[in-house]
Amino acid sequence: MTHVEDELNSQPACWIRAAEEAGRHRAALPDPGERVAVVGCGTSYFMAQAVAALREGSGRGETDAFAASEFPAGRSYDRVVALTRSGTTTEVLQLLGELKGRTRTTAVTADPGTPVMKAADDLVVLDYADERSVVQTRFATTALTLLRAHLGLHTGAAVTDARTALTGPLPQGLVECTQFTFLGRGWTVGLANEAGLKMREASLSWTEAYPAMEYRHGPISITTAGTATWMFGEAPDGLAEQVRDTGGLWVGSGLDPLAELVRAQRLAVAVAASRGLDPDRPRHLTRSVILAP
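Nothing here was measured: the structure is a model prediction, and the numbers come from that model.

(A) Focus on the sheet that holds strand β5 (residues 122-125). The five strands lie next to each other as β2-β1-β3-β4-β5, forming an open sheet whose pairing is parallel. Of all the strands in the sheet, just β2 (63-67) and β5 have a single pairing partner and so form its edges. Here the strands of the sheet are splayed against their neighbours by 20 degrees on average, with no regard to which way each runs. The strands touched by helix α4 (residues 90-99) within the sheet are β1 (36-40), β3 (79-84) and β4 (104-109), with β3 carrying the most contacts at an inclination of about 160 degrees. In the packing of helix α6 (residues 138-150) onto the sheet, contacts are made with β3, β4 and β5, and the angle to β4 comes to roughly 130 degrees.

Pasting the structure below:
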């Protein structure tokens, strides 16, 4: 078993622990009414998108998401939350340094023994969700689970659905597809973006991701036999039928959207195996991007 397989299979246990510990981290996480930005790089940026949509959509306060390198320096926030598995990513550390002393910052990380420990004002450590694989799975979903629980939006159904996602068969013909499109709405747009990234990293697949209502505005033109369109959450009326009419494979389910991401992680590993690739060693990638001064 690869590291990434072992790590993605451990997600239900990690989510249970994160939800149980959310109350202990309350002081380090945003209060209702605060104006908040959530930042990250790569996978963490897509989790930031999901968190921002969940928080603002639930009425807790205005919340934005940015790639750490694209943070708008002129904007004012009550708190900036940085998601960083390694605690060493250059763009995240640079941003935290720039914000020091003028905006309160929180880092959610897997490793406190890194520069992020001193760079952020508050620290949330999910060391039990750390990973050996370059490809992120459990840290990303555990961090999101922690923040869902902090917002009062996590339920045990997500864990149950994750177990189903790990044990149920993937749709017939999905692994053989040559192109994959992931769709989301609201907070699940970030999950769709992350699913696409997982497929690119682990299996070198041609993938795209869009807000579901945008799919009809051009992207559906690539859909045909041998392509797959995967919906995270409830689909817009009529979209599944339109995709099927093209000859493409439509993928949807009633699972919690975060559990659907677990299914997509499994697909990435399965496609990698079918192509003779090692998902623990994606080409041109490292566990953390550390740029020379």
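On we go.
(B) Structural detail: the nonpolar core. Within the largest apolar cluster, 61 residues are counted, with the highest numbers of intra-cluster contacts made by Leu126, Leu144, Phe180, Phe182, Leu191 and Phe232. The dominant element in this core, judged by the number of residues it contributes, is helix α10 (residues 257-274), at nine residues. When residues no more than four places from it in sequence are discounted, the contact partners of Leu191 are Met47, Ala50, Leu144, Phe232, Pro257, Leu258 and Leu261. Core analysis: the second largest hydrophobic core is formed by 16 residues, Val39, Ala68, Val92 and Leu96 among them.

(C) Here's a closer look at the pattern of salt bridges. Under the defined criterion, the tally for this structure stands at 14 salt bridges. In this structure, Lys198 and Glu194 form a salt bridge, with 2.4 Å as the shortest nitrogen-oxygen distance. Of this pair, Lys198 and Glu194 both sit in helix α8 (residues 188-203), separated by four residues, roughly a single helical turn. Across the pair, exposure class does not vary: Lys198 and Glu194 are buried alike. The salt bridge involving Lys198 is made with Glu201; its shortest N-O contact spans 3.2 Å. With Lys198 and Glu201 both in helix α8 and three residues apart, the pair spans about one turn of that helix.

Reading guide: rules and limits
Residues numbered from 1 in each chain as written. Predicted model: local features only at pLDDT ≥ 70, side-chain atom pairs only at ≥ 80, totals over all residues. Heavy atoms only, no water. Pairing = 2+ DSSP bridges. Helix = DSSP H or I, 4+ residues; strand = E, 2+ residues; numbered from the N terminus. Axes fitted to C-alpha atoms, helices over the stretch in contact; angles between N-to-C directions. Contact = heavy atoms within 4.5 Å. Core = buried A, V, L, I, M, F, W, Y, C linked by side-chain atoms within 4.5 Å. Buried < 20%, exposed > 50% of the residue type's maximum accessible area, 1.4 Å probe, protein only. Salt bridge = Lys/Arg side-chain N within 4 Å of Asp/Glu carboxyl O.

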